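Single-letter residue listing:
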Amino acid sequence: MDQLLFLRKFIDDPRHIGSIAPSSDSLTQKMLGGLDWENFHYVAELGTGTGVFTQYIMQHKRLNCKFLGIEQDYEMRQNLQEKYPEIYWGAQAENLCAILKKYNFPQLDCVISGLPFAVLDKSVRLQIMENVTQSLAPGGIFVAFQYSLQMRSTLKKYFDAVKIEFTLFNLPPAFIYFCHNN
């Protein structure tokens, strides 16, 4: 069901979906499996899509960890809101700081992104990155995947440390960025 919804959304508007299939279990594990879930109190996911990462986060976060999901597609967001009513929701990643204020969140321990940066206008990409870096607490981590290395130079401008990993076991294969400031 989720795969069909994802494919339909991709066909309808590939510039906002960015892939023909949801993220694989392999990508999810490689991206999220090594994160320090026990020490996260506030987490955001940008581009929740059909909820592959969302489900993992809900299964691994602390019970008292507050979770903000951002998804601009109304149908996908509504599906996840029904499934996870305890998550706080927003629609636009470029408004992340304003959404945090709306819910009275402090800075975030972790921001996870499935956004298709390669298809976003440069101004939107940079606005999102400004919001991400302003929203992260000292020592916070930004984790994102992309299908190319296009974001490497941009991320190196925003973060002191950018570690890149790769997985073949995703459609298409993906680069994973782990970013933080010292």
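Fair warning: this is a prediction, and the values are worked out from it, not measured in the lab.

Calculation criteria
Here the residue index of a chain counts from 1 through its sequence in written order. Residue-level local features of this predicted model are given only where pLDDT is at least 70; pairs of side-chain atoms are given and counted only at 80 or more, and the full residue set underlies all totals for whole chains, interfaces and linings. In computing side-chain values, all of the structure's heavy atoms are included and hydrogens and water are not. For helices the rule is a DSSP run of H or I covering at least 4 residues; for strands it is a run of E covering at least 2, with both sets numbered from the N terminus onward. Burial here depends on accessible area, computed with a 1.4 Å probe over protein chains only, as a share of the maximum for the residue type. Under 20% is buried, over 50% is exposed, and the range in between is partly exposed. Using the Shrake-Rupley algorithm and a 1.4 Å probe, accessible areas are obtained, with residue cover drawn only from the displayed protein chains. Residues enter a nonpolar core if they are buried and are Ala, Val, Leu, Ile, Met, Phe, Trp, Tyr or Cys, with the set joined through side-chain atoms within 4.5 Å. Two residues qualify as a contact provided that any one of their heavy atoms is within 4.5 Å of a heavy atom in the partner residue. Here a strand pair is declared whenever DSSP counts at least two bridges between the two strands. Lines are fitted to the C-alpha atoms to define the axes, a helix being fitted only along its stretch in contact, and any angle between axes, read from their N-to-C directions, falls within 0 to 180 degrees. The disulfide criterion used throughout: a pair of cysteine sulfur atoms within 2.5 Å. Think of a polar contact as two N or O atoms within 3.5 Å of one another; within protein, one of them needs to be a possible hydrogen donor and the other a possible acceptor, and neighboring residues in sequence only count if both atoms come from side chains.

(A) Quick look at the overall build of the chain. Along the chain, the regular secondary structure elements total eight helices and seven strands. Across the 182 residues of the chain, 50% fall into the buried class. Accessible surface, the chain as shown: approximately 9,100 Å² in total, 52% of it carbon and sulfur.

(B) Spatial organisation of the nonpolar core. In this structure, L46, M129, V132, F142, L155 and F159 are the most contacted members of the largest nonpolar core, which totals 28 residues. Broken down by secondary-structure element, the contributors of at least two residues to this core are β1 (42-46), β2 (66-70), α6 (96-102), β4 (108-113), α7 (122-135), β5 (136-146), α8 (152-158) and β7 (174-180). Those residues within four positions of M129 in sequence are excluded, and the remaining contacts are F117, F142, M151, T154, L155, Y158 and F159. Listed in part, the 25 residues of the second largest apolar core include F40, Y56, C65 and W89.

(C) Inspection of the sheet that holds β1 at higher detail. The strand order across the open sheet formed by seven strands is β3-β2-β1-β4-β5-β7-β6, and the pairing between neighbours is mixed. Here the strands that pair on one side only, and so sit at the sheet edges, are β3 (88-90) and β6 (161-167). Adjacent strand axes in the sheet meet at a mean angle of 15° when their direction is disregarded. Here β6 runs beside β7; their pairing, made up of seven bridges, is antiparallel. Its bridge partner being in β7, V162 is matched across the sheet by C179.

(D) How the structure looks around the state of the cysteines. Under the definition given, this model contains zero disulfides. This cysteine, C65, is not joined by any disulfide, and C110 carries the nearest cysteine sulfur, 8.9 Å off. Take C110: its relative accessible area is 0%, and that puts it in the buried class.

(E) Just the side chain of Q146, in detail. Structurally, Q146 is set in strand β5. Here F117 takes part through its backbone nitrogen, which lies 3.2 Å from a polar atom of the side chain of Q146. Apart from the residues within four sequence positions on either side, Q146 is in contact with L115, P116, F117, A118, M151, A174, F175 and Y177.

(F) Structural context of the side chain of N131. The residue N131 is located in helix α7 in this model. The buried category is assigned to N131, whose relative accessible area is 11%. Within the structure, the side chain of N131 is placed 2.9 Å from the backbone nitrogen of C97, a separation counted as a polar contact. Setting aside residues no more than four positions away along its own chain, N131 makes contact with A93, E94, N95, L96 and C97.

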